[in-house]
Amino acid sequence: MSAVNITNVSVLDNPAPFLSPFQFEISYECLSPLSDDLEWKLIYVGSAEDETYDQLLESVLVGPVNVGNYRFVLEADPPDPLKIREEDIIGVTVLLLTCSYLGQEFIRVGYYVNNDYEDEQLREEPPQKVKIDKVQRNILSDKPRVTKFPINFHPENGETEELKESLPNQPTEIDGDGEQPADLEAPVSDDQQGV
């Protein structure tokens with residue numbers, strides 16, 4: 001059982017211009033006190049084919065965390081368009097919100113992001129060079145892909161071996177409806193863990 005559960009994530013200011021900051025209101029509950037910080041990260045996937053184009057937009061530490069309910073707004077600068085291949089700016093990509101404890105990622109929330117020109121004429125006849133100030137991003141916030149990873153939240157109790165035996169060794173994926181996606185009939189393998 002996880003010591004921390006995300007209860008809600010609201011995407012604020014969406015849709016928005018590509019160069020606007022990202023804002024997520026994150027609500028979570030802590031079921032047992034944690035002596036160390038939670039690390040929240042927001043990652044922009046710059047290319048589906050090459051992870052070297054991924055950009056860490058923000059990383060914040062929250063904690064120590066006592067039992068209770070929490071809410072905060074994570075704000076992050078937009079990705080640097082100069083670090084994205086020109087052909088990957090317009091179209092669909094992914095935004096990842098992750099949370100880790102003691103260096104162990106235990107949850108990943110993935111959102112599809114559609115970047116396109118707001119102006120219909122630019123969409124129909126796109127310029128040769130992307131006009132980034134005319135690009136709008138739309139985070140498809142109603143269908144996040146949530147992946148939960150089993151970790152040991154209390155290694156100081158010496159339960160590491162017991163935990164490994166009692167927890168499934170595969171992550172659990174849940175779609176935006178709270179259901180396991182139909183295409184995941186078999187457990188997710190290591191190379192399918194991405195959102």
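Structure: above.
Residues numbered from 1 in each chain as written. Predicted model: local features only at pLDDT ≥ 70, side-chain atom pairs only at ≥ 80, totals over all residues. Heavy atoms only, no water.

Engineer: How would you summarise the packing of aromatic side chains if you had to cite specific residues and measurements?
Structural biologist: Summed over all chains, the structure comprises eight aromatic pairs. Ring plane angle 90° and centroid distance 6.3 Å describe the contact between phenylalanine 18 and tyrosine 44, whose orientation is recorded as edge-to-face. Of this pair, phenylalanine 18 sits in the loop between β2 (16-17) and β3 (22-30) while tyrosine 44 sits in strand β4 (residues 38-45), placing them 26 residues apart in sequence. A residue is classified by how much of its surface remains accessible, and phenylalanine 18, at 1% relative accessible area, is buried. Its relative accessible area of 1% is what places tyrosine 44 among the buried residues. A centroid spacing of 5.0 Å and a plane angle of 65° characterise the contact between phenylalanine 106 and phenylalanine 153, whose relative ring orientation is edge-to-face. With phenylalanine 106 in strand β8 (residues 104-117) and phenylalanine 153 in the loop between β10 (145-148) and α3 (160-166), this pair connects stretches of sequence that are 47 residues apart. (Phe/Tyr/Trp six-rings, centres within 6.5 Å; stacked < 30°, edge-to-face > 60°. Helix = DSSP H or I, 4+ residues; strand = E, 2+ residues; numbered from the N terminus. Buried < 20%, exposed > 50% of the residue type's maximum accessible area, 1.4 Å probe, protein only.)

Engineer: So what's going on with the sheet that holds strand β6 (residues 68-76)? Which residues, and what values?
Structural biologist: Sheet strands pair via backbone hydrogen bonds, and the direction of the pair is either parallel or antiparallel. Pairing in this open sheet of three strands is antiparallel, and the strands run β1-β3-β6 from one edge to the other. Edge positions in the open sheet fall to β1 (4-12) and β6, since each of these has one partner strand only. Averaged over all neighbouring strand pairs, the angle between strand axes comes to 20°, with direction disregarded. For β1 and β3, the ladder comprises eight bridges, and the chain directions are antiparallel. Paired with valine 9 across the two strands is isoleucine 26, which belongs to β3. (Pairing = 2+ DSSP bridges. Axes fitted to C-alpha atoms, helices over the stretch in contact; angles between N-to-C directions.)

Engineer: Can you tell me about the pattern of salt bridges, naming the residues and giving the values?
Structural biologist: If you walk through the whole model with that rule in mind, you get five salt bridges. Between arginine 85 and glutamate 49 there is a salt bridge, with the nearest N and O atoms lying 3.3 Å from each other. You can see arginine 85 sitting in the loop between β6 and α1 (86-89) and its partner glutamate 49 sitting in the loop between β4 and β5 (55-62), a full 36 residues away along the chain. Taking the relative accessible area as the measure of exposure, arginine 85 reaches 25% and is therefore partly exposed. (Salt bridge = Lys/Arg side-chain N within 4 Å of Asp/Glu carboxyl O.)

Engineer: Any details on the side chain of serine 100? Residues and values, ideally.
Structural biologist: Structurally, serine 100 is set in strand β7 (residues 91-101). Looking at serine 100, the relative accessible area reads 10%, which means it is buried. When residues no more than four places from it in sequence are discounted, the contact partners of serine 100 are Asp37, Leu38, Glu39, Glu105 and Phe106. (Contact = heavy atoms within 4.5 Å.)

Engineer: Account for the nonpolar core, naming residues and giving values.
Structural biologist: Membership of the largest hydrophobic core comes to 39 residues, with the highest contact counts inside it found for Phe22, Phe24, Leu34, Leu38, Leu42, Leu95 and Phe106. At the level of elements, β1, β3, β4, β6, β7, β8 and β9 (135-139) are the ones that each hand at least two residues to this core. The leading source of residues in this core is β8, at six residues. (Core = buried A, V, L, I, M, F, W, Y, C linked by side-chain atoms within 4.5 Å.)

Engineer: Talk me through the pairing of β9; I want residue IDs and the actual numbers.
Structural biologist: With burial as the criterion, only one face of β9 is covered, namely that bearing Val135, Arg137 and Ile139; the residues Gln136 and Asn138 on the opposite face remain uncovered. Across two bridges, β2 lies against β9 in antiparallel orientation. Across the sheet, residue proline 17 finds its bridge partner in β9, namely glutamine 136. Bridge analysis of β8 against β9 gives five bridges, and the strand direction is antiparallel. Directly across from tyrosine 117, in β9, lies its bridge partner valine 135.

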